[in-house]
Amino acid sequence: MEMSVFELLAIARETAGADYVKGDHILCKKRYAEGTEHMVEFRILGGQEPYGNSGDYCRLFLSGEAYRQMREKERQKKIRIIRYARVRENTLAYGPAAGQPASRGE
């Protein structure tokens, strides 16, 4: 299985117990579940969401419909997607989220 630098860093942080990302772990079962198509890392901009509070940095592995819901939350300025990857055969293909510019650095 190929891994990106982002994945290797996430695994190292999680192993060391210094992970600041809430939500799904980089190698969680949801990543490998049938129907999982997308991974997003995002910051909660305001209020409280089911996965965290304002200012929290979160990662979720999502189905197509759940991803569309997250994009709607971004459009409403409730969250800001920082990093996006398409899940392909259990490998993460990083790139811009659909409709987003190529550079999404924080």
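Here, the structure is the one placed above.
Residues numbered from 1 in each chain as written. Predicted model: local features only at pLDDT ≥ 70, side-chain atom pairs only at ≥ 80, totals over all residues. Heavy atoms only, no water.

Student: If you had to explain the packing of aromatic side chains to someone new, which residues and values would you point to?
Tutor: Under the defined criterion, the tally for this structure stands at two aromatic pairs. The interplanar angle of 40 degrees and the centroid separation of 5.3 Å between the aromatic rings of Tyr-67 and Tyr-84 together place this pair among those described as tilted. Placement of the pair is Tyr-67 in helix 3 (residues 64-75) and Tyr-84 in strand 6 (residues 79-88), with a sequence separation of 17 residues. Its relative accessible area of 6% is what places Tyr-67 among the buried residues. For Tyr-84, a relative accessible area of 9% translates into the label buried. (Phe/Tyr/Trp six-rings, centres within 6.5 Å; stacked < 30°, edge-to-face > 60°. Helix = DSSP H or I, 4+ residues; strand = E, 2+ residues; numbered from the N terminus. Buried < 20%, exposed > 50% of the residue type's maximum accessible area, 1.4 Å probe, protein only.)

Student: For the environment of Ala-97, give the residues involved together with the corresponding values.
Tutor: On the secondary structure map, Ala-97 appears in the segment after strand 7 (91-95). Linking Ala-97 and Tyr-84, residues 13 residues apart in sequence, is a C-alpha distance of 5.6 Å. Among residues more than four places away in sequence, those in contact with Ala-97 are Tyr-67, Arg-71 and Tyr-84. (Contact = heavy atoms within 4.5 Å.)

Student: Tell me what's going on with the side chain of Arg-59, and back it up with residues and numbers.
Tutor: Along the chain, Arg-59 turns up in strand 5 (residues 57-62). Look at Arg-59 and you get buried, because its relative accessible area is 0%. A distance of 3.1 Å separates the side chain of Arg-59 from the side chain of Glu-41, its partner in a polar contact. (Polar contact = N/O pair within 3.5 Å; in protein donor to acceptor, adjacent residues only side chain to side chain.)

Student: Tell me about the sheet that holds strand 2 (residues 38-44), and please be specific about residues and values.
Tutor: Hydrogen bonds between backbone atoms are what pair the strands of a sheet, whose relative direction is either parallel or antiparallel. Spatial strand order, 1-5-2-6-7: five strands in an open sheet with mixed pairing. Edge strands, defined here as strands with exactly one partner in the open sheet, are strand 1 (22-23) and strand 7. Here strand 6 pairs with strand 7 via five bridges, running antiparallel. Opposite Arg-86, over in strand 7, you have Ala-93 as the bridge partner. Strands strand 2, strand 5 and strand 6 of the sheet are contacted by helix 3, whose axis makes an angle of about 160 degrees with strand 6. (Pairing = 2+ DSSP bridges. Axes fitted to C-alpha atoms, helices over the stretch in contact; angles between N-to-C directions.)

Student: Could you give me a rundown of helix 3, with the residues and numbers involved?
Tutor: When the terminal C-alpha atoms of helix 3 are compared, their 17 Å separation across twelve residues agrees well with the 16 Å that a helix rising 1.5 Å per residue should span. Buried residues along helix 3 sit in contact with strand 2, strand 5 and strand 6. The first or second residue beyond helix 3 is Lys-77, which carries a positive phi of 65 degrees. (Expected span 1.5 Å × (residues − 1).)

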